[in-house]
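As a plain string of letters, each chain reads:
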Amino acid sequence: EYVKERFDKLEIVGTPNQDNPLMKGVKDTIMFPILGIDVWEHAYYLKYQNRRPEYVKEWWNVVDWNKVSDNCAYVVKNHKGVSVRD
């Protein structure tokens, strides 16, 4: 999920290849990620082989919703993306 640059709503977006909504030209407006999932085979193949739906289903069991909430609050308050280095 991403918070739009105008900070007025959440949107669920998908992007092709390795693109993400922070990259100019990928979406009409720059968006700030608060939660993401990698569904390229390299992310799940060793454990799930070609069972992507199972991988996605299990992924939901490890999402830290408190962190997602913190990320959203940070983006809305600071009008910028959350640092991945903190």
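Computed from a predicted model, the values in this text were never measured in an experiment.

Explain the overall build of the protein chain here, please?
Along the protein chain, the regular secondary structure elements total three helices and three strands. Reading the protein chain from its N end, one meets helices and strands in the order β-β-β-α-α-α. Across the 86 residues of the protein chain, 20% fall into the buried class. Relative to all contacts within the protein chain whose residues are 6 or more apart in sequence, the contacts with residues 24 or more apart total 42%. When the accessible area of the protein chain is evaluated, it comes to approximately 6700 Å², of which 51% is carbon and sulfur surface.

Would you take a moment to explain the nonpolar core for this structure?
Burial of nonpolar side chains together is a common tendency in soluble globular proteins. In terms of nonpolar packing, the biggest core is built from ten residues, these being F32, I34, L35, Y44, Y48, Y55, W59, V63, V68 and V75. Put simply, the parts of the chain that give this core at least two residues each are helix 1 (41-48), helix 2 (52-59) and helix 3 (65-78). Discounting residues that sit within four places of it in the chain, V63 has contacts with L35 and V68.

Teacher, can you tell me more about the packing of aromatic side chains here?
Aromatic rings in a pair are described by how distant their centres are and how their planes are angled relative to each other. With the rule as written, the count across this model stands at four aromatic pairs. With centroids separated by 4.8 Å and ring planes inclined at 75°, the aromatic side chains of W59 and W60 adopt a geometry described as edge-to-face. Seen in terms of ring centroids, W60 and W65 are 5.9 Å apart; in terms of plane orientation they differ by 10°. Their pairing is stacked.

Explanation requested: the packing of helix 1 against helix 2 in the structure shown.
When two helices pack together, their arrangement is captured by the angle between the axes and the distance separating the axes. One way to put it is that helix 1 packs onto helix 2 with a least axis distance of 10 Å and a crossing angle of 100°. With respect to helix 2, the element helix 1 is oriented roughly perpendicular. Touching A43, Y44 and Y48 of helix 1 are R52, E54, Y55 and E58, all from helix 2. Here the contact of helix 1 with helix 2 is composed, by residue class, of four nonpolar, no polar and three charged.

What is the right way to read unusual backbone geometry from this model?
Peptide bonds are trans in most cases, and residues, glycine excluded, mostly fall at negative phi. Not every positive phi belongs to a glycine, and Q49 is a case in point at roughly 50°. With respect to the helices, strands and loops of the structure, Q49 is situated in the loop between helix 1 and helix 2. The exposure class assigned to Q49 is partly exposed, which follows from its relative accessible area of 31%. Although it is not a glycine, H79 adopts a positive phi angle of roughly 55°. Here H79 lies in the segment after helix 3.

Whenever I open this one, the side chain of N71 confuses me. Can you help?
Position of N71 relative to the elements: it lies in helix 3. Here N71 falls in the buried class, since its relative accessible area comes to 10%. N71 has contacts with I34 and V82, leaving out every residue within four places of it along the chain.

How each quantity is defined
- Residue indices follow the written sequence of each chain, beginning from 1 at its first position.
- Selection of residues for local features in this predicted model requires a pLDDT of at least 70, selection of side-chain atom pairs for listing and counting requires 80 or more, and totals for whole chains, interfaces and linings are taken over all residues.
- With hydrogens and water stripped out, all remaining heavy atoms of the structure feed into the side-chain values.
- The helix and strand labels rest on DSSP assignments: H or I over at least four residues marks a helix, E over at least two residues marks a strand, and numbering proceeds from the N terminus.
- A 1.4 Å probe rolled over the protein chains alone gives each residue an accessible area, and that area as a share of the maximum for its type sets the label: buried under 20%, exposed over 50%, partly exposed in between.
- It only takes one pair of heavy atoms within 4.5 Å for two residues to be counted as in contact.
- Surface accessibility in these figures is a Shrake-Rupley result with a 1.4 Å probe; residues are shielded only by whichever protein chains are displayed.
- Definition of nonpolar core: a set of buried residues of the types Ala, Val, Leu, Ile, Met, Phe, Trp, Tyr and Cys, connected through side-chain atoms within 4.5 Å.
- Note on ring pairs: Phe, Tyr and Trp rings are taken, using the six-membered ring of Trp, and paired if centres are within 6.5 Å. Classes follow the plane angle, with under 30 degrees stacked, over 60 edge-to-face and the rest tilted.
- Only the contacting stretch of a helix is used when fitting its axis, a line to C-alpha atoms as for every element, and angles between N-to-C directions run 0 to 180 degrees.
- Comment on the angle field: the value is read as roughly parallel under 35 degrees, roughly antiparallel over 145, roughly perpendicular from 65 to 115, and oblique elsewhere.
- Note on residue categories: nonpolar means Ala, Val, Leu, Ile, Met, Phe, Trp, Tyr, Cys or Pro, charged means Asp, Glu, Lys or Arg, and polar means any other residue, Gly included.

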